[in-house]
Amino acid sequence: MGETNFGEKIFGEKTRVLVVGGTGSLGRRIVSACLAEGHETYVLQRPEIGVDLEKVQLLLSFKRLGAHLVKGSFSDHRSLVSAVKQVDVVVSAMSGVHFRTHNIPVQLKLVEAIKEAGNVKRFLPSEFGMDPSRMGHAMPPGNETFEQKLEVRNAIEAAGIPHTYLVGACFAAYFGGNLSQMGTLMPPRERVDIYGDGNVKVAFIDEDDMAKYTAKTLNDPRTMNKTVYVRPTENILTHLELVQIWEKLIGKELEKTFVSAHDFLADIEDKEISHQAGLGHFYHIYYEGCLTDHEVGDDEEASKLYPDVKYTRMHEYLKIFV
């Protein structure tokens with residue numbers, strides 16, 4: 001059985017997927033999830049990794065699991081065109097945070113390659129967090145991330161490339177395990193800062209689950225040219241609720257300091273640019289509630305679309321830290 005167009009793809013048919021940024025924190029999980037989903041999985045092997053042993057070993061481990069390595073470089077347009085011509089779907093997991101490599105604009109070169117190749121039936125750019133279309137008011141310098149993501153979206157849509165935007169949740173590794181404390185990835189055991197009154201709702205997701213939703217949505221006709229929000233019901237928690245889960249696990253109540261919005265932003269201009277960007281993003285999430293201040297229908301929310309994904313609840317996620 002075949003297909004007349006991508007929107008009529010038969011479920012269960014193997015989809016050829018190229019993951020760009022496959023050695024990154026989320027990218028490696030997306031590669032694994034695509035393999036587990038049965039997709040014919042390709043990973044872009046960029047010469048820029050040089051002698052980075054960990055990344056080379058990771059690529060080879062993907063190959064052992066059945067993935068194909070495809071050479072390509074953002075400094076070589078022809079190589080990118082050649083790479084994307086081999087697949088049906090391209091997923092980008094390029095880093096978009098200021099304290100790591102900030103590569104969002106590089107995706108414009110990928111868009112050009114996909115446009116020229118002419119065969120790609122779906123492109124998922126690097127999104128995964130706050131919906132950039134709702135962040136026009138974001139504070140600088142953190143607004144740069146959203147502006148760049150919108151620039152990539154505009155290029156995708158101008159080129160007529162079928163797409164899916166996957167957005168909407170805080171990664172548990174950066175916001176859950178540390179109880180959303182800045183400067184650490186481990187949970188406190190004595191005292192904790194609470195943002196505002198601690199009652200703003202926030203959506204959390206384990207990165208492994210974000211990868212699973214990515215692998216599910218990339219060839220789903222229901223998500224063609226749509227934004228899919230990752231807001232699993234049981235992981236929509238206030239800051240206080242997240243802290244209370246941890247307190248119950250360790251059998252101890254933490255000393256809490258409630259930080260007003262004024263105090264949170266008081267010395268932002270004295271910080272390094274990457275720290276300023278982080279503070280701005282935290283402000284929009286915990287004081288404004290940008291992840292949960294709008295309604296999302298069941299047909300556009302990942303955990304409703306794919307109930308077979310048994311996503312990790314935050315009480316389960318935090319157990320490993322006890």
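This section reports on the structure supplied with the text. Each chain carries its own residue numbering, running from 1 in the written order of its sequence. In keeping with the predicted nature of the model, local features appear solely for residues at pLDDT of at least 70, side-chain atom pairs appear and are counted solely at 80 or more, and the whole-chain, interface and lining totals rest on all residues. Side-chain measures here rest on the full set of heavy atoms in the structure, leaving out hydrogens and waters.

### A look at the sheet that holds strand 7 (residues 170-171)
Hydrogen bonding along the main chain pairs the strands of a sheet, whether they run parallel or antiparallel.
Reasoning step 1: Taken in spatial order, the three strands line up as 7-9-11 in an open sheet, and their pairing is mixed. The open sheet has two edge strands, strand 7 and strand 11 (236-238), and neither has a second partner.
Reasoning step 2: At least two bridges found by DSSP between two strands are what make those strands a pair. Where helices and strands are cited, they refer to DSSP runs of H or I of at least four residues and of E of at least two residues respectively, numbered from the N terminus. In terms of strand pairing, strand 7 meets strand 9 (residues 201-205) through two bridges, oriented parallel. Across the sheet, C170 pairs through a bridge with F204, a residue of strand 9.
Reasoning step 3: Residues count as neighbours in contact if any of their non-hydrogen atoms are within 4.5 Å of one another. Between N-to-C directions, angles cover 0 to 180 degrees, with each direction set by a line fitted to C-alpha atoms, over the stretch in contact for helices. Of the strands in this sheet, strand 7 and strand 9 are in contact with helix 7 (residues 207-217), which crosses strand 9 at around 80 degrees.

### A short note on the sheet that holds strand 4 (residues 89-92)
Reasoning step 1: Pairing is parallel in the open sheet, where five strands are placed in the order 3-2-1-4-5. The strands lining the two open edges of the sheet, one partner per strand, are strand 3 (68-71) and strand 5 (122-124). Within the sheet, the average angular offset between the axes of one strand and its neighbour, ignoring direction, is 25 degrees.
Reasoning step 2: Of the strand pairs in this sheet, strand 4 and strand 5 are connected by three bridges, and their pairing is parallel. Paired with V89 across the strands is R122, a residue of strand 5.

### Structural notes on the packing of aromatic side chains
Reasoning step 1: What counts as a ring pair is set by centres within 6.5 Å for rings of Phe, Tyr and Trp (its six-membered ring), and what kind of pair is set by the plane angle: stacked under 30 degrees, edge-to-face over 60, tilted for all other angles. For the structure on display, the rule yields ten aromatic pairs.
Reasoning step 2: Residues Y195 and F264 carry aromatic rings whose centres are separated by 5.3 Å and whose planes lie at 75 degrees to one another, so their mutual orientation is edge-to-face. With Y195 in strand 8 (residues 191-195) and F264 in helix 9 (residues 261-265), this residue pair connects regions lying 69 residues apart in the sequence.
Reasoning step 3: Throughout this description, buried means an accessible area under 20% of the type-specific maximum (1.4 Å probe, protein chains only), exposed means over 50%, and partly exposed covers the range between. Taking the relative accessible area as the measure of exposure, Y195 reaches 5% and is therefore buried.
Reasoning step 4: Look at F264 and you get buried, because its relative accessible area is 8%.
Reasoning step 5: A ring pair is formed by F264 and Y287, whose centres lie 5.3 Å apart and whose planes are at 45 degrees; its orientation type is tilted. Here F264 is found in helix 9, whereas its partner Y287 is found in the loop between helix 10 (273-286) and helix 11 (302-305), with 23 residues between them in sequence. This pair shows no difference in class: F264 is buried, exactly as Y287 is.
Reasoning step 6: Taken together, the aromatic side chains of F175, Y195, F264, F282, Y283, Y286 and Y287 make up a single cluster linked through ring pairs.
Reasoning step 7: One residue, R153, lies across the ring of Y165, its end atom 4.1 Å from the ring centre. Here, a charge over a ring means that NZ of Lys or CZ of Arg falls within 6 Å of the ring centre while also lying within 35 degrees of the ring normal.

### Description of unusual backbone geometry
Reasoning step 1: Cis geometry is adopted by the peptide bond preceding P141, which originates at P140 and carries an omega value of 0 degrees.
Reasoning step 2: Relative to the assigned elements, P141 resides in the loop between strand 5 and helix 5 (143-158).
Reasoning step 3: Its identity is not glycine, yet S180 carries a phi of approximately 65 degrees, on the positive side.
Reasoning step 4: The topology assignment puts S180 in the loop between helix 6 (172-175) and strand 8.

### A few points about the side chain of T164
Reasoning step 1: The residue T164 is located in strand 6 (residues 164-167) in this model.
Reasoning step 2: Any pair of N or O atoms that falls within 3.5 Å is considered a polar contact. Within protein, one atom must be able to donate a hydrogen and the other to accept it, and sequence-neighbouring residues count only if both atoms are side-chain atoms. A distance of 2.6 Å separates a polar atom in the side chain of T164 from a polar atom in the side chain of R122.
Reasoning step 3: Apart from residues lying up to four places away in sequence, T164 is in contact with R122, F123, L124, P125, T217, T223, M224, N225, K226 and V228.

### Digging into the packing of helix 1 (residues 27-36) against helix 2 (residues 53-64)
Reasoning step 1: It is at 11 Å that the axes of helix 1 and helix 2 come closest, and there the two elements cross at 5 degrees. Taken together, helix 1 and helix 2 sit at an angle that is classed as roughly parallel. On helix 2, the residues that touch R28, V31, S32 and L35 of helix 1 are E54, L58 and F62. Angle categories are assigned with fixed cut-offs, so that under 35 degrees is roughly parallel, over 145 is roughly antiparallel, 65 to 115 is roughly perpendicular, and the rest are oblique.

### Here's the deal with empty space enclosed by the protein
Reasoning step 1: For cavity detection a 1 Å grid was placed over the protein atoms alone, and a set of points counts as a cavity when a 1.4 Å probe fits there but cannot get out; an open set counts as a pocket when protein lies on both sides within 12 Å along at least five of seven lines, with lining residues being those that have an atom within 4 Å of a point. Grid points are joined across faces, edges and corners, and a volume is the space filled by probe spheres set on the points. A complete count under the given rule lists one cavity of 30 Å³ or more for this structure.
Reasoning step 2: Size it by volume and the largest cavity reaches roughly 60 Å³.
Reasoning step 3: Lining the largest cavity are M130, D131, R134, M135, G168, Y229, R231, C290, L291 and H294.

### Thoughts on the packing of helix 4 (residues 107-117) against helix 5
When two helices pack together, their arrangement is given by the angle between the helix axes and the distance between those axes.
Reasoning step 1: Their axes nearest at 10 Å, the elements helix 4 and helix 5 cross at an angle of 5 degrees. One way to sum up the angle between helix 4 and helix 5 is to call them roughly parallel. Residues Q107, L108 and V111 of helix 4 pack against E151, V152, A155 and I156 of helix 5.
Reasoning step 2: Note that Gly is not counted as nonpolar here; it falls among the polar residues with everything else outside the nonpolar set of Ala, Val, Leu, Ile, Met, Phe, Trp, Tyr, Cys and Pro and the charged set of Asp, Glu, Lys and Arg. Along the lines of polarity and charge, the residues of the contact of helix 4 with helix 5 split into five nonpolar, one polar and one charged.

### Quick word on the pattern of salt bridges
Reasoning step 1: Every case where a carboxyl oxygen of Asp or Glu lies within 4 Å of a side-chain nitrogen of Lys or Arg is listed as a salt bridge. A full pass over the atoms with the stated rule returns 21 salt bridges.
Reasoning step 2: The salt bridge partner of R313 is E234, with a shortest N-O separation of 3.2 Å. Pair noted here: R313 is in the loop between helix 11 and helix 12 (314-318) and E234 is in the loop between strand 10 (226-229) and strand 11, with a separation of 79 residues, a long-range link.
Reasoning step 3: The partly exposed category is assigned to E234, whose relative accessible area is 48%.
Reasoning step 4: As a salt-bridge pair, E247 and K256 come within 2.6 Å of each other at their nearest N and O atoms.
Reasoning step 5: Here the salt bridges share partners, and the residues they tie into one network are R16, D88 and K121.

The quantities given are spatial measurements derived from coordinates; they are silent on function.
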